[in-house]
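Spelled out from the first residue to the last, the chains are:
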Amino acid sequence: CLCMGAGINIAQGVYRIEPATKAFAFVGDSTFFASAITGIINAVYNQAEMTVCILDNSTTAMTGHQPHPGTGRTMMGEVVAKVSIEAVLRGIGLEFVETVDPLNLEKAVDTVKRAQEVTGVKAIIFKSPCVAITKPKGKAFIDPEKCIGCRKCIREIGCPGIVINDGFVCIDDSLRTGCGLCAQICPV
């Protein structure tokens, strides 16, 4: 469920209508504080079966990078105590709450698989800096001598920075973020 505001409640409905379906609800960290907490409380209360994925980049990226309770700064720039997403989730009754770097593909996938072994409402906090405000540590590149043209990088992660140009896979420099996921799935 990728609707940032309604995904939590949609996932609860999916569980009631299709109990065998594994429902995942995605919400950003700022939307978590703005509107998702009540939906998660409702899911716990009503014994839903779902995984909540919180995409925590410690900013409100889509509306101007303003602070929120999880950033530790007010709109006036004052430093305040951060509200812990993990502590809030545990406080409302979630037993499976794990934080993982989504750019560590192997660990992220393992965490999702382990979450699915647990019943009830689970949460995975995917925490990584916002690519719009952090500089990449390095730049991935595709070595045309080694590329076998399998396009696994395109099929499995759907990165907008990986494109086909004249029949060859290449990286669009204007969309490169330096996340490194492509290098983690490339077979060569």
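Before reading on, note that the structure itself is shown above.
Residues numbered from 1 in each chain as written. Predicted model: local features only at pLDDT ≥ 70, side-chain atom pairs only at ≥ 80, totals over all residues. Heavy atoms only, no water.

Asker: Which residues make up the overall build of the chain, and what are the values?
Answerer: Helix and strand counts for the chain stand at six helices and six strands. In sequence order, the secondary structure elements of the chain are arranged as α-β-α-β-α-β-α-β-α-β-β-α. Burial status across the chain gives 31% buried among its 188 residues. Taken as a whole, the chain presents about 11,300 Å² of accessible surface, with 58% of it coming from carbon and sulfur. (Helix = DSSP H or I, 4+ residues; strand = E, 2+ residues; numbered from the N terminus. Buried < 20%, exposed > 50% of the residue type's maximum accessible area, 1.4 Å probe, protein only. Areas by Shrake-Rupley, 256 points an atom, 1.4 Å probe, with all protein chains shown as cover.)

Asker: I'd love a proper account of the sheet that holds strand β1 (residues 24-28), names of residues and values included.
Answerer: Ordered by their spatial adjacency, four strands build an open sheet running β1-β2-β4-β3, and the pairing between neighbours is parallel. Among the strands making up the open sheet, the edge pair consists of β1 and β3 (97-100). For this sheet the average axis-to-axis angle between neighbouring strands, irrespective of direction, equals 20°. (Pairing = 2+ DSSP bridges. Axes fitted to C-alpha atoms, helices over the stretch in contact; angles between N-to-C directions.)

Asker: Can you lay out the packing of aromatic side chains for me, pointing to particular residues and giving the numbers?
Answerer: Centre-to-centre distance and the angle between the planes together describe a pair of aromatic rings. On inspection of all chains with the given rule, the structure shows one aromatic pair. Aromatic pair F32 and F33: ring centres 5.2 Å apart, planes at 80°, arrangement edge-to-face. On the basis of relative accessible area, F32 is assigned to the buried category, the value being 0%. For F33, a relative accessible area of 17% translates into the label buried. (Phe/Tyr/Trp six-rings, centres within 6.5 Å; stacked < 30°, edge-to-face > 60°.)

Asker: Tell me about unusual backbone geometry, residues and numbers included.
Answerer: Despite not being glycine, R151 has its phi angle at roughly 60°, a positive value. By the secondary structure assignment, R151 is in the loop between β4 (121-127) and α5 (152-157). With a phi close to 55°, D166 is a non-glycine residue in the positive phi region. Topologically, D166 is positioned in the loop between β5 (162-165) and β6 (168-171).

Asker: With reference to specific residues and values, describe helix α2 (residues 29-45).
Answerer: The sharpest bend along α2 measures roughly 65° and falls at S35. Residues of α2 that are buried include every one of D29, S30, T31, F32, F33, A36, G39, I40 and A43, and no others. Next to the buried residues of α2 lie α1 (7-17), β1, β2 (50-56), α3 (85-91) and β4. The first or second residue beyond α2 is Q47, which carries a positive phi of 55°. (Bend = angle between axes of the 7 residues up to and from the residue. Contact = heavy atoms within 4.5 Å.)

Asker: Hey, could you go over the environment of K139 for me, with residue numbers and the actual values?
Answerer: In this structure, K139 sits in the loop between β4 and α5. Sequence separation between K139 and G178 is 39 residues; the distance between their C-alpha atoms is 5.2 Å.

Asker: I'd like a description of the nonpolar core, backed by residues and values.
Answerer: F32, I40, M50, V52, I54 and L89 are the most contacted members of the largest nonpolar core, which has 22 residues in total. Filtering out sequence-adjacent residues up to four positions away, L89 remains in contact with F32, I40, I54, L94, V97, A123 and I125. Formed by seven residues, the second largest nonpolar core is a distinct cluster that contains C53, V100, A108 and A115. (Core = buried A, V, L, I, M, F, W, Y, C linked by side-chain atoms within 4.5 Å.)

Asker: If you had to explain the side chain of E49 to someone new, which residues and values would you point to?
Answerer: Within the secondary structure, E49 is located in the loop between α2 and β2. Looking at E49, its side chain comes within polar contact range of the main-chain nitrogen of G120, at 2.8 Å. A distance of 2.6 Å separates the side chain of E49 from the side chain of K122, its partner in a polar contact. Ignoring any residue separated from it by four or fewer positions in sequence, one finds E49 in contact with Y15, A23, V118, T119, G120 and K122. (Polar contact = N/O pair within 3.5 Å; in protein donor to acceptor, adjacent residues only side chain to side chain.)

Asker: Provide a residue-level description of the environment of C153, including the pertinent values.
Answerer: Inspection of the secondary structure assignment puts C153 in helix α5. C153 gets classed as buried once you look at its relative accessible area, which sits at 14%. On a C-alpha basis, the gap between C153 and Q184 in space is 9.1 Å, while along the polypeptide they are 31 residues apart. In contact with C153, not counting residues within four places along its chain, are G158, I162, V169, C182 and I185.

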